[in-house]
Amino acid sequence: MSGNIWNADLGNGNYRNPILYADYSDPDAIRVGEDYFMTASSFCNAPGLPLLHSKDLVNWKVVNYVIDRLPEERYKAPIHGCGVWAPAIRYHEGTYFVCFPMPDEGIYMSTAADPFGKWSEPVNIRPGAGWIDPCPFWDEDGRAYLVAGVAKSRIGYKSVLHMVEMQPDGMGLIGGEVKIFDGNENDQITIEGPKMYKRNGWYYVFAPAGGVKTGWQTVLRSKNVFGPYEYKVVMRRGDSAVNGPHQGAWVDTITGEDWFLHFQDVYAAGRIIHLQPMSWREDWPIIGIAKEGNDYGEPVMEYRKPNAGVVNPEICEPDTSDDFTGSRLGLQWQWNANPEEKWYELTGENLRLNAVHKNSVYGDMPNLLLQKWPAPEFGCVTKLDLSHLEDGDEAGMISMGTSYGLITFKREGSRLIPCYVTGVQKYGKILPDMTEETEKTLPVIAFEQATELYVRYTVKRTGTRDLNADERDFPLELVTFEYSTDGNSYRTGGDLIAIPGRWVGVKNGVFCSSAGRESRGYAIVDSVIYERL
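Right, let's walk through the structure included here. One numbering rule holds for all chains: residues counted from 1, following each sequence as written. Two thresholds apply to this predicted model, a pLDDT of at least 70 for residue-level local features and 80 or more for giving and counting side-chain atom pairs, whereas whole-chain, interface and lining totals are computed over all residues. Side-chain metrics in this entry use all non-hydrogen atoms of the structure; hydrogen atoms and water are not considered.

The helix count covers DSSP runs of H or I at least four residues long, the strand count covers runs of E at least two residues long, and both are numbered beginning at the N terminus. For the chain, the count of helices and strands is one helix and 38 strands. Throughout, radius of gyration means the C-alpha value; the globule benchmark is 2.2 Å times the number of residues raised to the power 0.38. Computed over its C-alpha atoms, the radius of gyration of the chain comes to 23 Å, within 12% of the 24 Å expected for a compact globule of 533 residues. Dimensions of the chain along its principal axes, counting C-alpha atoms only, are 75 × 50 × 45 Å. Exposure classes here rest on a 1.4 Å probe applied to the protein chains alone. A residue is buried below 20% of its type maximum, exposed above 50%, and partly exposed in between. Every one of the 533 residues in the chain was classed for burial, and the buried ones make up 61%. Contacts were defined at the residue level, with two residues in contact if any of their heavy atoms lie within 4.5 Å. Across the chain, the fraction of contacts at a sequence separation of at least 24, relative to all contacts at a separation of at least 6, is 60%. To measure how exposed things are, a 1.4 Å probe is used in the Shrake-Rupley method; for residues, cover is taken only from the protein chains shown. Surface accessibility of the chain: about 20,000 Å² in total, with carbon and sulfur atoms responsible for 45%. Charged-residue counts in this description rest on Lys and Arg as positive and Asp and Glu as negative, His and the chain ends being excluded. Taken as the charge location is NZ of Lys, CZ of Arg, CG of Asp or CD of Glu. Taking the average place of the 52 positive charges on the side chains of the chain and the average place of its 72 negative ones, the gap between the two points comes to 3 Å.

Backbone torsion omega between A46 and P47 reads 0°, so that peptide bond is classified as cis. Topologically, P47 is positioned in the loop between β3 (35-39) and β4 (48-54). Of the consecutive residues G227 and P228, the connecting peptide bond is found in the cis state with omega at 10°. By the secondary structure assignment, P228 is in the loop between β16 (216-222) and β17 (230-235). Even without being glycine, F43 reaches a positive phi, approximately 55°.

Let's shift gears to the sheet that holds strand β15 (residues 202-209). If DSSP finds at least two bridges between two strands, the strands pair. Reading across the sheet, the four strands line up as β14-β15-β16-β17 and stay open at both edges, with antiparallel pairing between neighbours. Looking at strand neighbours, the two that pair on one side only are β14 (195-199) and β17, the edges of this open sheet. Ignoring strand direction, the axes of neighbouring strands in this sheet form an average angle of 30°. Structural elements are reduced to axes, namely lines fitted to C-alpha atoms, with helices fitted over the stretch in contact, and the angle between N-to-C directions of any two is expressed from 0 to 180 degrees.

Here we take up the nonpolar core. Only buried residues count toward a nonpolar core. Its members are Ala, Val, Leu, Ile, Met, Phe, Trp, Tyr and Cys residues joined through side-chain atoms within 4.5 Å. Membership of the largest hydrophobic core comes to 51 residues, with the highest contact counts inside it found for W373, L386, F409, L416, Y457 and F481. Excluding residues that lie within four positions of it along the chain, L386 makes contacts with A395, F409, L416, F447, A450, L453 and A523. With 40 residues, the next largest nonpolar core counts Y24, Y36, Y65 and V212 among its residues.

Whenever a carboxyl oxygen of Asp or Glu lies within 4 Å of a side-chain nitrogen of Lys or Arg, that contact is scored as a salt bridge. Under the defined criterion, the tally for this structure stands at 33 salt bridges. Where D239 meets K291, a salt bridge forms, and the shortest distance between an N and an O atom there is 2.3 Å. Residue D239 is found in the loop between β17 and β18 (248-252), and its partner K291 is found in the loop between β21 (284-287) and β22 (302-304); the two are separated by 52 residues along the sequence. For D239, a relative accessible area of 66% translates into the label exposed. Take K291: its relative accessible area is 35%, and that puts it in the partly exposed class. The partner of R472 in a salt bridge is D466, and the shortest N-O contact between them spans 3.3 Å. Here D466 falls in the partly exposed class, since its relative accessible area comes to 41%. One salt-bridge network, held together by shared partners, links D26, K213, D265 and R271.

In space, the seven strands of this open sheet follow the order β24-β25-β38-β28-β34-β35-β36, with antiparallel pairing throughout. With partners counted over all chains shown, the strands left at the sheet margins are β24 (344-346) and β36 (491-497), one partner each. Between one strand and the next, the sheet's axes are offset by a mean angle of 25°, whatever the strand orientation. Note: β24 against strand β25 (residues 351-354), three bridges, orientation antiparallel. From the neighbouring strand, L346 faces β25, where its bridge partner is L351.

Once that is clear, we can look at the packing of aromatic side chains. Ring pairs are drawn from Phe, Tyr and Trp, using the six-membered ring of Trp, whenever the two centres fall within 6.5 Å, and their geometry is named by plane angle: stacked under 30 degrees, edge-to-face over 60, tilted for the rest. The tally for this structure, following the rule as stated, stands at 29 aromatic pairs. The interplanar angle of 10° and the centroid separation of 5.3 Å between the aromatic rings of F100 and Y108 together place this pair among those described as stacked. There is no split in this pair, since F100 and Y108 are both buried. Look at F181 and Y231: their rings are 5.5 Å apart centre to centre, the planes differ by 75°, and that puts the pair in the edge-to-face class.

On to the environment of T462. Its place among the elements puts T462 in strand β34 (residues 453-465). Judged by its relative accessible area of 48%, T462 falls in the partly exposed class. Setting aside residues up to four positions removed in sequence, T462 forms contacts with L476 and L478.

Next comes the structure, spelled out in structure tokens:
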């Protein structure tokens with residue numbers, strides 16, 4: 001059940017960027033035969049490491065998750081900004097590998113023979129804090145390597161790339177690490193997100209530098225795995241509207257074309273995905289289109305579709321709307337932390353959210369069921385039946401970011417008390433120092449009306465904003481909440497200016513909680529319907 005919210009396929013042989021207007025940050029992708037697979041960061045949300053599939057590099061669907069749960073116990077609660085950072089996906093001798101960092105815990109590897117099936121439990125192949133953005137690489141002689149960046153917040157320095165030999169099975173490292181590049185010694189500050197390849201005898205490391213919102217794409221090359229590496233900037237923003245074209249993946253087609261997937265940080269909506277043509281000049285790549293006299297490319301906003309050798313690929317996009325009639329949660333949904341089975345039940349007709357004890361502010365509740373913003377502007381209507389709430393229970397819909405807002409309906413005897421709540425998370429270096437919440441009571445609803453309630457959530461772009469002197473003209477989005485007892489006549493709930501989460505875009509979704517530890521109450525979510533504005 002999904003509407004056409006954002007599709008990049010123009011139907012005339014061309015596509016538009018972004019190909020995905022959703023927060024699939026730090027993407028990496030591969031081609032296996034005629035199939036393309038992409039994965040992305042997921043931080044503290046679970047399931048984690050979304051796996052997307054395409055036949056033409058333009059039309060994508062979420063088909064799986066690599067991990068059902070984050071592999072460390074502390075993620076039973078949301079730890080915003082921590083968890084699963086930038087992954088890499090590779091295919092070697094019949095096995096799919098996803099290597100991902102948890103910057104406080106280590107570098108992990110998961111494998112699968114069938115990417116659509118169950119992935120193996122992650123193995124921590126380099127325990128300890130500090131390394132991020134790992135990418136495995138297998139050479140023609142059978143030896144394997146891992147290249148990675150570093151997080152200053154965990155290790156005390158940044159802008160350095162390391163190389164280390166890896167076991168051929170990907171399940172451990174061999175020998176000591178070698179520093180292959182230091183962006184502090186040149187003009188490549190904040191170099192990170194390395195992805196490794198080989199072509200014409202050259203080892204290449206693609207890595208963005210200059211910062212997420214203002215940077216560029218750099219490529220290193222060497223005839224030796226451990227260097228020395230020379231470097232070149234191969235894509236800049238130039239005159240385009242694509243600020244900081246950031247880390248991604250080089251993929252080819254079976255027809256011999258080269259393309260590059262990368263993200264753009266648009267602030268509240270997160271890090272959205274672009275597709276750029278890629279060419280070669282003197283064994284250096286050029287990403288995007290080079291203007292006359294330039295040896296680097298600039299991003300395109302519309303271009304011909306890749307020749308993927310596939311006839312009439314499906315025009316599609318990730319799912320959004322849901323009527324919850326399936327046997328499992330739709331792949332658009334993620335929890336705010338590692339889930340517990342007792343939180344929900346799919347009845348075959350709808351989703352039952354059980355009232356989970358609330359022992360935190362709303363933004364830190366683990367049982368928020370969320371999905372990514374799917375477009376720059378959209379509307380979403382959630383239909384609820386709250387007639388099964390017990391005294392002290394509540395349920396509603398939330399817009400989750402560093403600043404968040406929600407409408408919640410609290411049962412007090414024979415009354416249902418709608419409230420509009422806003423929260424602001426204030427961060428220290430890694431974890432939030434505190435969260436402030438304010439609450440406004442809305443007109444009371446008689447409990448007999450709880451069988452049919454609607455919450456309308458609307459995102460509209462109202463202008464642009466400057467984040468600082470160097471980060472300018474980002475979208476300014478207004479989030480509006482309304483509620484109704486008949487689906488036709490809506491009352492105003494509240495609104496807020498959208499602010500992203502910790503390294504993630506804003507998400508929206510549903511919840512049910514209880515002030516008491518022992519509640520048998522629950523909320524029924526009949527449907528969540530998205531529409532394009």
